[in-house]
Each structure stands twice: as C-alpha cells, then as structure tokens.
Amino acid sequence: MNIPTKLAFAVLILAAASAAVMAVPAEPKTLVNKVNYVFTPHAKAVAGICRFVQDKRLCCKTLKHVPTDDPVQLIRSLASAAETAVKNGLKFLDGIKPKYQSKEFAIKGCEKNLNYALEDFAEFWKLAGKDLTSMAGNYFTCKQKITSIFGYHSTCLDDINGIDKNLRKEVEGGVGLGKNLTGEALDVYADLKDILNGFGIKAKLNEKETDPLQPPPISEYYY
Ligand SMILES: *[C@@H]1O[C@H](CO)[C@@H](O)[C@H](O)[C@H]1NC(C)=O
C-alpha cells in the first residue's frame, strides 16, 4: 500500500472503532477505556465463555454489561438471564390470551411447561450456589436441570404446533429468547471443563447426581 492509502485505511479503522464504541452506550464504570475494551480482562472473560456457545452474538450481548471479570460469575449471569427471559415468556403468554381465546388451553399448556422450567431453575440455583465449589460439586445435576429446562421449551412449542401454526409462531417469538439463552447456558455447561481450563481454573467436575438439598462436601470435589 502507498502512504495515502495506508492513511485512508487507518482513518477508516479509527472511524469504525469509534462508531463501534458509540453504539455501546452503557458500559460498566470500570471499563473506562472503551476503545481498548477488547483487550480488557472483561472482554477476554466474556470471549472465553461465549466461544463455546452456538449464538456467540447473543452470549456476548448478554454478558457484556455484567460488571465482573470472574468467569464463574459470568456463567451464573448467563443462567440468570435465561431465567429472567423465561419469566418474561410467561408474561408474554398471559398477554396473548385475549387474542387466542378459543386456544387458551394451548397457551395454558405452554405456561405449565414454563412453570416447570422455573421450578427447575429454583433447584438449579440451590445446586449451582454462588461459587465454583458448588458449581463443580453439583455439576452433573446442574447440567441435568438446564437440559430439562430447555426440554420444557421444546415441549411447549411442539404441543402448540399440533394445534395452531400461527399461534406457534407467535409463542415462539415470545418464549424464544428464554429458549435460546437456556440453550447457551446448556452449551456452557456441556463444555464447562474446557471453559474453566481456558481460564487456568482447576476444578474437578462431579459427574454424579447430587441432591439439591444436600450439597456435596467441599473436600471431595476440589483440588
Ligand atoms: C432464537 O434462535 C433462533 C435460531 O438461531 C433464531 O431464529 C431466533 O430468532 C432466536 N429467537 C430469539 C427471540 O432470539
């Protein structure tokens, strides 16, 4: 490249960088240097998690504003975002009932499934706890819970599919985010060992079923 071309190129890159920065209004306060966000521990932590999920864009969007660099807390936030989305999905279903009065039973069936999903979330949180110790010690059962939460979304949509295709489309739009975020949490749990390794975090993930009421002793699963 000749000099003027190089210069134009540099200006272009700068413009693109500042446009990207302006498109992102509310950064956590600690991330002062926005231009260098991609080089921050936060961005590296988010990337180290999101590279394992199918929809990387949604994952990054979800975690970008969570004010922690701790991979374990970021992973918890992903599950938490999924739970919030499921709750919003239930509100959505309630809101479309007047429009589909004759099909209310179908909407109620879906609500029932999403309520089961919320029950599983409650158990998930008991197991996942607040730190790596509980997360690793209850790994198997946590993964199972997320798998069933994802399954409840599929059941909801499959059931409606046999009743009314338009209603299914509408419901899919309303509960889709919960389903997709749950899918990402599932991806993260499926690859949790590799994700933690990527951060140099050593933890032995317990592959046996555990009881939500009785977390396993710390010493057994941690080294
Ligand atoms: C969920 O993911 C599917 C497949 O990637 C996509 O088509 C859909 O728009 C997503 N839904 C939402 C609400 O994000």
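For clarity, every value in this text was computed on a predicted model and none was experimentally measured. The residue count restarts for each chain, going from 1 along the sequence in the order it is written. A pLDDT threshold of at least 70 governs which residues receive local features in this predicted model, and a stricter bar of 80 or more applies before side-chain atom pairs are shown or counted, although totals over entire chains, interfaces and linings include all residues. The basis for the side-chain values is all heavy atoms of the structure; hydrogens and waters are excluded.

Runs of E in the DSSP output that reach at least two residues are strands. Runs of H or I that reach at least four are helices, and both are numbered from the N terminus. Inspection of the secondary structure assignment puts Asp187 in helix 8 (residues 165–190). Separated by 44 residues in the primary sequence, Asp187 and Lys143 have C-alpha atoms spaced 9.6 Å apart. Contacts are assigned to residue pairs with any non-hydrogen atoms lying within 4.5 Å of each other. Setting aside its immediate chain neighbours within four residues, Asp187 contacts Phe52, Val53 and Gln54.

Turning our eyes to something else, we now look at the nonpolar core. The biggest cluster of nonpolar side chains holds 60 residues, and the ones touching the most others in it are Leu63, Phe124, Val171, Tyr189 and Leu192. Contributing elements (two or more residues each) for this core: helix 2 (41–50), helix 3 (56–63), helix 4 (71–96), helix 5 (104–128), helix 6 (132–137), helix 7 (139–161), helix 8 and helix 9 (192–198). Of all the elements, helix 4 adds the most residues to this core, at 12 residues. Beyond its immediate chain neighbours, meaning those up to four positions away, Leu192 contacts Ile75, Met135, Tyr139 and Leu205. What is meant by a nonpolar core is a set of buried Ala, Val, Leu, Ile, Met, Phe, Trp, Tyr and Cys residues, joined one to another through side-chain atoms within 4.5 Å. Three labels apply to residues, based on accessible area from a 1.4 Å probe with only protein chains included: buried if under 20% of the type maximum, exposed if over 50%, partly exposed otherwise in between.

In this section: the pattern of salt bridges. Salt bridge, as used here, is a side-chain nitrogen of Lys or Arg placed within 4 Å of a carboxyl oxygen of Asp or Glu. Throughout the structure, instances matching the rule amount to seven salt bridges. Glu111 is paired through a salt bridge with Lys97; the nearest N and O atoms lie 3.0 Å apart. Taken together, the positions of Glu111 in helix 5 and Lys97 in the loop between helix 4 and helix 5 put the pair 14 residues apart, joining distant regions of the chain. Since its relative accessible area comes to 14%, Lys97 is described here as buried. Lys145 is paired through a salt bridge with Glu123; the nearest N and O atoms lie 2.9 Å apart. With Lys145 in helix 7 and Glu123 in helix 5, this residue pair connects regions lying 22 residues apart in the sequence. Of the residues examined, Lys145 reaches a relative accessible area of 16% and is grouped as buried. Relative accessible area serves as the criterion here: at 26%, Glu123 is assigned to the partly exposed category. Within the structure, one salt-bridge network assembled from shared partners comprises Asp94, Lys97 and Glu111.

Another point: the state of the cysteines. The disulfide definition used here is simple: a pair of cysteine sulfur atoms within 2.5 Å. Taken as a whole and judged by the stated rule, the model has two disulfides. Covalent S-S linkage joins Cys110 and Cys156, the inter-sulfur distance amounting to 1.9 Å. Disulfide Cys110-Cys156: the torsion about the S-S bond is -70°, which places it as left-handed. With Cys110 in helix 5 and Cys156 in helix 7, this pair connects stretches of sequence that are 46 residues apart. Neither residue differs from the other here; Cys110 and Cys156 are each classed as buried. No disulfide involves Cys60; its sulfur sits 3.9 Å from the nearest other cysteine sulfur, which is in Cys50.

Keep in mind that these numbers describe shape and distance, not what the molecule does.
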